[in-house]
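Structural description and commentary
In case you want the letters, here they are:
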Amino acid sequence: MRRLPIYFLIDVSESMVGDPISEVQDGIANIIQELKTDPRALETVFISIIVFAGEAKTLVPLQDIISFYPPKFPVGSGTSLGKGLGHLMFELRKNLVKTTAEQKGDWKPIVFLFTDGVPTDDSSTAIREWQSNWKKTANLVAVSLGDGADAHILNQLTENIIHLKNTDHSAYKEFFKWVSDSIKTSSESVENNKSGFELANLASANLEEMDVTKDSRGENTHKVDDNFVVISALCQNTRKNYLMKYKKVIKQSNFAGIELGTKSYRLNGAYQVDDTYKELSGNEEIKLTVNTDELIGAPTCPCCGNQIAFAVCQCNQIHCIGDEEVTTCPGCGNRGKYGAGTGGFDVNRTRG
Ligand SMILES: [Zn+2]
Ligand SMILES: [Zn+2]
């Protein structure tokens, strides 16, 4: 039996923390459940999951549906599309069974790339390698989760760019149903000796192709994802990492007859992350700051429940504080008493 390899290449950068990553996690689990009831898919479909943030890794190596156990998704800092693509091409080279005189090889692999933001690296080398070695050997479907993705860059990889406009729970559900339907129709097409790449109907799933002509950001590499501000912090009590996520809001105001848009960021949530966070984060030094005046809302610590999750040590480490007499910075070990600051100050942010 010839295999139909399906690769998921999934952006797990910090802006995905919270709802998006749990939607993706549930969505993948639903796809597997759906495919387990489909005799054709059970016979031909093999699935692998690769995640990327500042670094990339194989979350699930290529395997058949029966033995597939849906994974828990990690997050990391950065959106290195270059490293994600590089890792995907490494897996493709490693796994792809070629057709020879003796044997029929794999069907053309199908890659579903999910991303919600702009690459924070220079991905041009990896894109060129994709174009010259893989664009014809694999079918890639790029999916922009929300409005943040860079259509111009995705368009260099594929003509199949899908826009998940709404990112509420029901939209995600419909979208993942569409993905599993597309895998089913493709495995059906394999059976009939057709192309092995038949996407399900977009309109019936409320999806649309992304209009790449509307994206004016051009070819510049973006060093930071501006739709979200994510701040990385350490819990004083548990020493675990947590992320505070803020989403951009533009407030329209009228000043002396001139329409002005002021940008600020509203708290979206605070989330504990596990040790894979460090593994998936790029290790380049980043000097990005945001002024606390631009941030609306402050969370409690998601690790220990301390009232204030947003205290800053002189060493720049952000950490939680409670009602303890003396606070110990989990970054540098400095002990001291904290007073409430007045006015805005700059804190380090991640690349999202
Ligand atoms: Zn804490
Ligand atoms: Zn410190």
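Residues numbered from 1 in each chain as written. Chains lettered and ligands numbered in written order. Predicted model: local features only at pLDDT ≥ 70, side-chain atom pairs only at ≥ 80, totals over all residues. Heavy atoms only, no water.

1. Some details on the overall build of the protein chain
- A count of helices and strands for the protein chain gives seven helices and 17 strands.
- Relative to a compact globule of 352 residues, whose C-alpha radius of gyration would be 20 Å, the protein chain shows 22 Å and is just as compact.
- With the C-alpha coordinates of the protein chain rotated into their principal frame, the extents come out at 75 × 50 × 35 Å.
- In the protein chain, which comprises 352 residues, the proportion classed as buried is 49%.
- Carbon and sulfur atoms form 47% of the exposed surface of the protein chain, whose accessible area is close to 16,900 Å².
- The distance from the centre of the 37 positive side-chain charges to the centre of the 45 negative ones in the protein chain is 3 Å. (Helix = DSSP H or I, 4+ residues; strand = E, 2+ residues; numbered from the N terminus. Rg over C-alpha atoms; globule rule 2.2 N^0.38 Å. Buried < 20%, exposed > 50% of the residue type's maximum accessible area, 1.4 Å probe, protein only. Areas by Shrake-Rupley, 256 points an atom, 1.4 Å probe, with all protein chains shown as cover. Lys, Arg positive; Asp, Glu negative; His and termini not counted. Charge placed at Lys NZ, Arg CZ, Asp CG, Glu CD.)

2. Notes on the sheet that holds strand 7 (residues 208-209)
- If you trace the seven strands from one edge of the open sheet to the other, you get 3-2-1-4-5-6-7, paired in mixed fashion. Unpaired on one side and paired on the other, strand 3 (56-64) and strand 7 mark the two borders of the sheet.
- Sheet strands in contact with helix 6 (residues 169-191) are strand 1 (4-11), strand 2 (45-52), strand 4 (110-115), strand 5 (139-145) and strand 6 (161-164), and its direction is about 170° off that of strand 4. (Pairing = 2+ DSSP bridges. Contact = heavy atoms within 4.5 Å. Axes fitted to C-alpha atoms, helices over the stretch in contact; angles between N-to-C directions.)

3. Concerning the coordination of the zinc ion (ligand 1)
- For the zinc ion (ligand 1), the full set of protein donor atoms is C235 (SG), C301 (SG), C304 (SG) and C320 (SG), and the range of their distances to it is 2.3 to 2.4 Å.
- Each of the four donor atoms around the zinc ion (ligand 1) contributes to a set of angles spanning 105 to 113°, which defines the coordination as tetrahedral.
- Read from N- to C-terminus, the donor residues coordinating the zinc ion (ligand 1) fall into the pattern C-x65-C-x2-C-x15-C.
- The class of C301 is buried, set by a relative accessible area of 3%. (Donors = N, O, S within 2.8 Å, 3.2 Å for Na, K, Ca; no water. Tetrahedral: all angles 85-135°; square planar, octahedral: opposite > 155°, others 65-115°.)

4. Some details on the coordination of the zinc ion (ligand 2)
- Within the first shell, the zinc ion (ligand 2) binds the protein through C313 (SG), C315 (SG), C329 (SG) and C332 (SG), at distances of 2.2 to 2.3 Å.
- One chain supplies every donor to the zinc ion (ligand 2), and in sequence these donors are spaced C-x1-C-x13-C-x2-C.

5. Side note on the pairing of strand 5
- The buried count for strand 5 comes to seven of seven residues, which makes it a mostly enclosed element.
- Side chains N139, V141, V143 and L145 of strand 5 all project onto a buried face; the interleaved residues L140, A142 and S144 project onto the opposite face, where all are buried too.
- One ladder, built from six bridges, connects strand 4 with strand 5; its direction is parallel. Bridging from a neighbouring strand, I110 pairs with N139 of strand 5.
- At this point the chain moves from strand 4, through helix 4 (residues 124-134), to the parallel strand 5, and the crossover so formed is right-handed.
- Of the strand pairs in this sheet, strand 5 and strand 6 are connected by four bridges, and their pairing is parallel. Bridge pairing links A142 to I161 in strand 6. (Right-handed = clockwise from strand over helix to strand, strands pointing away.)

6. Notes on the domain arrangement of the protein chain
- When its domains are assigned, the protein chain resolves into domain 1 (4-209) and domain 2 (228-348).
- Computed from C-alpha atoms alone, the centre-to-centre distance between domain 1 and domain 2 is 33 Å.
- The partner domain 2 presents 13 residues to the 20 residues of domain 1 that form the contact.
- With both sides pooled, the region where domain 1 packs onto domain 2 buries about 1,300 Å², and carbon together with sulfur makes up 62% of that total.
- A per-residue breakdown of the area domain 1 buries against domain 2 is headed by E14, V17 and E55, which together make up 37% of the total. (Domains from an automatic or database assignment. Buried area = accessible area lost by both parts, 1.4 Å probe.)

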